[in-house]
Structure formats: structure tokens, C-alpha cells
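Observations on the three-dimensional arrangement
The chain contents come next:
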Amino acid sequence: MTFKSNKLKFISIIGLIIFLSTSCYNDEDEVFSPKPKAYLRIELPVPSYQKFDTLYPFSFEYSTHSKISPDQSKNSEPYWINIEYPEYGAMVYLSYKKVNNNLSKYKKDAIEFANKHLQLADDIVESDVYDPAVPVIGKIFEIKGINVACPYQFWVSDSTSKFLRGALYFDSKPNNDSLAPIITYIQNDMLHLINTVKWNDKIK
């Protein structure tokens with residue numbers, strides 16, 4: 001009897017411990033491991049292009065998913081235009097300068113504009129533009145970094161009389177991780193623009 005009694009007490013104690021341990025558990029005790037940051041998938045349209053060819057000193061092809069308007073800012077100059085991507089809150093600002101033995105100054109200014117973002121940039125990758133058939137020379141600045149406000153800039157020139165500079169900006173706080181697909185998409189559009197630039201020698 002004593003052995004059975006002790007055995008029953010032992011089983012009762014084990015059962016009580018199991019009951020208490022399970023009854024004290026609730027949803028608040030559940031531990032969640034942090035999930036990696038994720039962003040919504042962005043569906044981007046198939047690239048297609050149309051020609052910008054008006055009474056300007058230059059022409060090029062630009063995205064049919066964007067729209068062009070004259071630059072209305074107070075500091076704008078003749079032939080300055082904006083290429084807007086309304087769906088993505090993005091704008092490519094194009095500014096034009098007439099060259100008069102001062103190309104080196106405009107090139108230096110373009111480098112300074114790019115270097116303004118160095119403080120927040122991880123890196124600036126430069127690429128040369130050169131096509132003697134047009135003719136066109138230039139430089140592309142790909143500015144890498146999560147918080148960079150202007151991830152892509154360029155300038156092109158005929159080296160004698162015309163200078164065109166472009167810069168991509170977004171109207172939201174920079175978060176280039178989430179904007180990466182859009183940045184890449186518009187960068188490709190800008191590269192297409194650069195590759196299709198032509199000069200109108202009738203207009204200085």
C-alpha cells in the first residue's frame with residue numbers, strides 16, 4: 001500500500017506541474033523572431049520611347065510613360081525642361097547651356113553637383129560618354145547610397161557650342177532600397193536619352 005500510495009503521489013505531482021506549466025502559457029509569452037525588411041513589389045511597364053524634337057538646340061528619345069514640361073522655376077533658363085514620372089514621384093531635370101570657350105567650367109560645375117552628395121553616398125561610379133559620329137562627349141555619375149537624394153546625373157556636349165545636363169530626383173524622402181527598381185528603370189531611360197541625343201545646329 002505504501003508503494004502504491006507513493007507512486008500515486010509522484011504521478012499526481014508530475015501531472016500538476018504539467019498542468020501549471022501549460023495553463024500559465026498565453027499568446028503574450030510567444031516569442032517572434034524579427035523578419036527581414038520587405039517592400040511591396042513594383043510592377044513597371046515595358047520601356048517604350050518617343051522623340052523629343054522641337055525648336056530646341058537638342059533632340060532625344062524619352063519614355064512614353066513620362067511627360068515633358070518647360071522648367072518654370074525662377075532660376076530657369078531658355079531650353080530648360082523637366083521629364084516627369086508622375087506615378088513614381090520622380091523628375092529628371094534637364095538644363096542647357098550655350099558653350100563659348102567655357103566647357104571646362106560647365107564640366108567642373110557638373111562634378112561639383114555630383115560631389116555634393118558625397119556625404120551620404122557610399123560610392124560614385126563615373127562612366128564616359130563618347131560618340132564622334134554625333135558628335136557627343138560626356139560623363140555619367142551613378143551615385144550609390146540609401147539616403148542619396150539624386151542617384152543619377154549626367155552631362156553631354158558637342159564639345160564646342162552645346163552643353164546638356166540631367167539629374168534625377170524624387171519628391172519623397174530618399175530610401176533608395178525601396179526605390180531601387182524605379183531608380184534602375186529610370187536610369188535605363190536616361191541612358192537611352194543619352195544614347196539618342198542629337199544636336200540642332202540651326203539653333204544656338
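In what follows, the structure referred to is the one given above.
Being a predicted model, the structure only gives us computed values, none of them experimental.

What follows is about the pairing of strand E5 (residues 90-98). Examined bridge by bridge, strand E4 (residues 81-85) and E5 share 5 bridges and lie antiparallel to one another. Paired with Asn82 across the two strands is Tyr93, which belongs to E5.

For the rest of this paragraph, the subject is the sheet that holds strand E9 (residues 162-170). Pairing is antiparallel across the open sheet formed by 7 strands, whose spatial order is E3-E4-E5-E9-E8-E7-E6. The strands lining the two open edges of the sheet, one partner per strand, are strand E3 (67-70) and strand E6 (123-131). The sheet shows a mean angle of 15 degrees between the axes of neighbouring strands, taken without regard to direction.

Our next topic: the side chain of Ser63. Along the polypeptide, Ser63 turns up in strand E2 (residues 58-63). Among the residues examined, Ser63 registers a relative accessible area of 1% and is labelled buried. Here His65 takes part through its backbone nitrogen, which lies 3.0 Å from a polar atom of the side chain of Ser63. Here Ser63 is in contact with Ser48, Tyr49, Gln50, Tyr85 and Asp189, once residues within four sequence places are set aside.

Okay, the environment of Asp128 next. Along the chain, Asp128 falls in strand E6. We classify Asp128 as exposed; its relative accessible area is 62%. Sequence separation between Asp128 and Phe141 is 13 residues; the distance between their C-alpha atoms is 9.2 Å. Here Asp128 is in contact with Gly138 and Lys139, once residues within four sequence places are set aside. Here the side chain of Asp128 touches Lys139 through a polar contact of 2.6 Å, side chain to side chain.

Quick look at the packing of aromatic side chains now. Evaluated as defined, the whole model comprises 12 aromatic pairs. Judged by centre distance (5.3 Å) and plane angle (40 degrees), the rings of Tyr106 and Phe163 are tilted. Highlighted residues: Tyr106 in helix H2 (residues 103-115) and Phe163 in strand E9, separated in sequence by 57 residues. Through successive ring pairs, a cluster of aromatic residues spans Phe52, Tyr56, Phe58, Phe60, Tyr62, Tyr79 and Tyr96.

Its place among the elements puts Lys144 in strand E7 (residues 136-144). Expressed as a C-alpha distance, the spacing of Lys144 and Leu118, which sit 26 residues apart in the sequence, is 9.4 Å. Beyond its immediate chain neighbours, meaning those up to four positions away, Lys144 contacts Ala121, Asp122, Asp123 and Val125. For Lys144, the side chain forms a polar contact with the side chain of Glu142, separated by 3.0 Å.

Here the structure, examined in full by the defined rule, presents 1 cavity of 30 Å³ or more. In this structure, the largest cavity occupies an estimated 50 Å³ of space. Taken together, Tyr62, Ser63, Ser66, Ile83, Tyr85, Val92, Asp189, Met190 and Leu193 form the lining of the largest cavity. Of all the elements in the fold, those that place two or more residues in the lining of the largest cavity are E2, E4 and helix H3 (180-195). With 3 residues, H3 is the single largest residue contributor to the lining of the largest cavity. Partitioned by chemical class, the residues of the lining of the largest cavity number 6 nonpolar, 2 polar and 1 charged.

Of all hydrophobic cores here, the largest spans 33 residues; its most connected members are Phe58, Phe60, Leu94, Val156 and Ile186. The leading source of residues in this core is H3, at 7 residues. Discounting chain neighbours no more than four positions away, the residues touching Leu94 are Phe60, Trp80, Ile81, Ile83, Phe154, Leu164, Arg165, Gly166 and Leu193. Core analysis: the second largest hydrophobic core is formed by 12 residues, Val99, Ala110, Ala114 and Val148 among them.

Moving on: the side chain of Gln187. Here Gln187 lies in helix H3. For Gln187, a relative accessible area of 11% translates into the label buried. Excluding anything up to four places from it in sequence, Gln187 contacts Glu142, Pro151 and Tyr152.

Cut-off values and rules
Residues numbered from 1 in each chain as written. Predicted model: local features only at pLDDT ≥ 70, side-chain atom pairs only at ≥ 80, totals over all residues. Heavy atoms only, no water. Pairing = 2+ DSSP bridges. Helix = DSSP H or I, 4+ residues; strand = E, 2+ residues; numbered from the N terminus. Axes fitted to C-alpha atoms, helices over the stretch in contact; angles between N-to-C directions. Buried < 20%, exposed > 50% of the residue type's maximum accessible area, 1.4 Å probe, protein only. Polar contact = N/O pair within 3.5 Å; in protein donor to acceptor, adjacent residues only side chain to side chain. Contact = heavy atoms within 4.5 Å. Phe/Tyr/Trp six-rings, centres within 6.5 Å; stacked < 30°, edge-to-face > 60°. 1 Å grid on protein atoms, 1.4 Å probe; cavity = no way out; pocket = protein on both sides within 12 Å on 5 of 7 lines; lining within 4 Å. Points joined across faces, edges and corners; volume = space filled by probe spheres on them. Nonpolar A, V, L, I, M, F, W, Y, C, P; charged D, E, K, R; others polar. Core = buried A, V, L, I, M, F, W, Y, C linked by side-chain atoms within 4.5 Å.

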